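The lines below spell out each chain.
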Amino acid sequence: MAEYFVGHKEYFPGIGKIRCEGPKSDNPLAFKFYNPDRKVGQKTMREHLRFAVAYWHSFGADGTDPFGAATHIHPWTSDARNPMEAYEHKLDAAFEFFTKLGVDFYCFHDRDLAPEGQTPIESERNLAHMVSLAHERQKATGVRLLWGTANLFSHPRYMNGAATNPEFGVVAHAAAQVKAAIDATIELGGQGYVFWGGREGYMSLLNTNLKREKDHLARFLTMARDYGRAHGFKGTFYIEPKPMEPMKHQYDFDVETVAGFLRAYGLDKDFRVNIEANHAELAGHDFQHELETAAALGIFGSVDANRGDPRNGWDTDQFPINVYDTTLAMLAILRAGGFTTGGLNFDAKIRRNSVDPADLFEAHIGGMDAFAAGLLAAQRIIEDGKFDAFVSQRYSSFDTGDGKRFEDGRMKFEELAALAPAGPDVGRTSGKQERLENLIMQYVLGVE
Ligand code: XUL
Ligand code: CO
């Protein structure tokens, strides 16, 4: 992979290509577990994990919070002579970062890449300009687009929703944005296109026609899908569930809700889910729960890899570091057959007081190591087969005889009722949770 910053201003001077130095390294700018070319089962780590950097958090966010102004002063913005040049420099900084870190993918919103214009046509022109530059940089470096999306939540016009807005004109505005963002994704060879409905929900039911809004959302998604397919988009459409924030209630609450919605409106063939760890937590679920639910429903697609803080109820978007969680996540992902068009996108941001350029590298290094270690542990769990053997045994009464006839639908309810066994010990089989938890600990701590 070419070192892209050559010939441009270097935005992360003093930081070179990040390499794997093994678990004992004390170099904060080295991988400890992520070794891209290491084979784990049939694939390399890089092929399994398909890491992506989120353009918005890494190059757009500036540390602003509801109580204070920006703390991250980006050189790629401050050295620009006009607004568009700032976006061009940001692109240079981003590709320098991708190549130094050694990730194969990135993800963006339309407005991360290019500024909004005075009219939809001007916005589209701005985006097209930046897309052509991004295309050149993709070709020069080999970095690819995991997915694109449209920001349908920041502009004030979307305060009452985008596709679910009670005013038709806003819905049309959202369509103009999504159309251009799908075009950009197609042009850049994006493997997916995400819909995150940040404002698709309500603040109060007193002013909301819930049924009409959901119908409009489905209508909008159907039209966008048809447009994408007609214009050559072969990738996966994803819905990213989130229960709330910024709205009090979002329609794409969690995986199960999204699955029901997709089926109700006949969208389940083209759409899968992009599951974010922090969103799972806000919905009151474990990350593993959302992944396994998606796999069970046949809609597992991609992951926004981050973590929340269990002590507070908002989307802190921190980098993932909990190897127990990443092990259970990778176990679910491997069992689902691994990623196809999806990957692990770090929808995560460094903290407001992380103001050194190296902090962005160290954050990603930690996230990549956490998932690499999780992958190693999960692969060993699968290869050893102890958990699978236990769970298979637990359900073995359905493998033959009456249990199998029940499972296959070859039994009447009366017959099932008549087969109720007598005796006090029926059902008194230990679930062995503690033994299994101890076993997980051995795999997690045995990573090498
Ligand atoms: C917001 C969020 C978004 C989506 C893309 O919580 O996760 O960044 O991932 O719009
Ligand atoms: Co996300």
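All values reported here derive from a predicted model rather than from experimental measurement.

**Student:** Please provide a residue-by-residue account of the coordination of the cobalt ion (ligand 2), values included.
**Tutor:** In this structure, E240 (OE), E276 (OE), D304 (OD) and D347 (OD) serve as the protein donors to the cobalt ion (ligand 2), at separations of 1.9 to 2.1 Å. Around the cobalt ion (ligand 2), the 6 donor atoms sit at angles spanning 81 to 171°, and that spread fits a shape best called octahedral. Within one chain, the residues donating to the cobalt ion (ligand 2) are spaced in sequence as E-x35-E-x27-D-x42-D. With E240 in the loop between strand 8 (236-239) and strand 9 (249-250) and E276 in strand 10 (residues 271-276), this residue pair connects regions lying 36 residues apart in the sequence. Residue class for E240 comes out buried when judged on its relative accessible area of 4%.

**Student:** Tell me about the packing of helix 9 (residues 255-264) against helix 11 (residues 287-297), residues and numbers included.
**Tutor:** Contact geometry for helix 9 and helix 11: axes closest at 9 Å, N-to-C directions at 25°. In terms of axis orientation, helix 9 runs roughly parallel to helix 11. Contacts from V255, E256, A259 and R263 in helix 9 reach E290, T293, A294 and L297 in helix 11. Looking at the contact of helix 9 with helix 11 residue by residue, the classes come out as 4 nonpolar, 1 polar and 3 charged.

**Student:** Lay out the side chain of Q250 in plain terms, naming residues and giving numbers.
**Tutor:** One can find Q250 in strand 9. At 3.4 Å, the side chain of Q250 and the backbone oxygen of G197 are in polar contact.

**Student:** Break down the environment of L344 for me, citing the residues and quoting the values.
**Tutor:** With respect to the secondary-structure elements, L344 resides in strand 12 (residues 344-346). Judged by its relative accessible area of 0%, L344 is buried. C-alpha separation for the pair L344 and H48, spaced 296 residues apart in sequence, amounts to 9.5 Å. Excluding its chain neighbours within four sequence positions, the residues that come into contact with L344 are L49, R50, F51, A52, V303, A305, M330, F339 and F371.

**Student:** Which residues make up the site of ligand 1, and what values go with them?
**Tutor:** Around ligand 1, the structure places W56, H109, F153, W196, E240, K242, E276, H279, D304, D315 and D347. For ligand 1, an oxygen atom lies 2.7 Å from a polar atom in the side chain of H109. H279 places a polar side-chain atom, nitrogen or oxygen, 2.9 Å from an oxygen atom of ligand 1. Counting atoms within 2 Å of the grid points, the majority share of ligand 1 lands in the largest pocket. Across the shell around ligand 1, the residue classes break down as 3 nonpolar, 2 polar and 6 charged.

Rules used throughout
Residues numbered from 1 in each chain as written. Chains lettered and ligands numbered in written order. Predicted model: local features only at pLDDT ≥ 70, side-chain atom pairs only at ≥ 80, totals over all residues. Heavy atoms only, no water. Donors = N, O, S within 2.8 Å, 3.2 Å for Na, K, Ca; no water. Tetrahedral: all angles 85-135°; square planar, octahedral: opposite > 155°, others 65-115°. Helix = DSSP H or I, 4+ residues; strand = E, 2+ residues; numbered from the N terminus. Buried < 20%, exposed > 50% of the residue type's maximum accessible area, 1.4 Å probe, protein only. Axes fitted to C-alpha atoms, helices over the stretch in contact; angles between N-to-C directions. Parallel < 35°, antiparallel > 145°, perpendicular 65-115°, else oblique. Contact = heavy atoms within 4.5 Å. Nonpolar A, V, L, I, M, F, W, Y, C, P; charged D, E, K, R; others polar. Polar contact = N/O pair within 3.5 Å; in protein donor to acceptor, adjacent residues only side chain to side chain. Near = heavy atom within 4 Å. 1 Å grid on protein atoms, 1.4 Å probe; cavity = no way out; pocket = protein on both sides within 12 Å on 5 of 7 lines; lining within 4 Å. Sits in = over half its atoms within 2 Å of the grid points.

Keep in mind that these numbers describe shape and distance, not what the molecule does.
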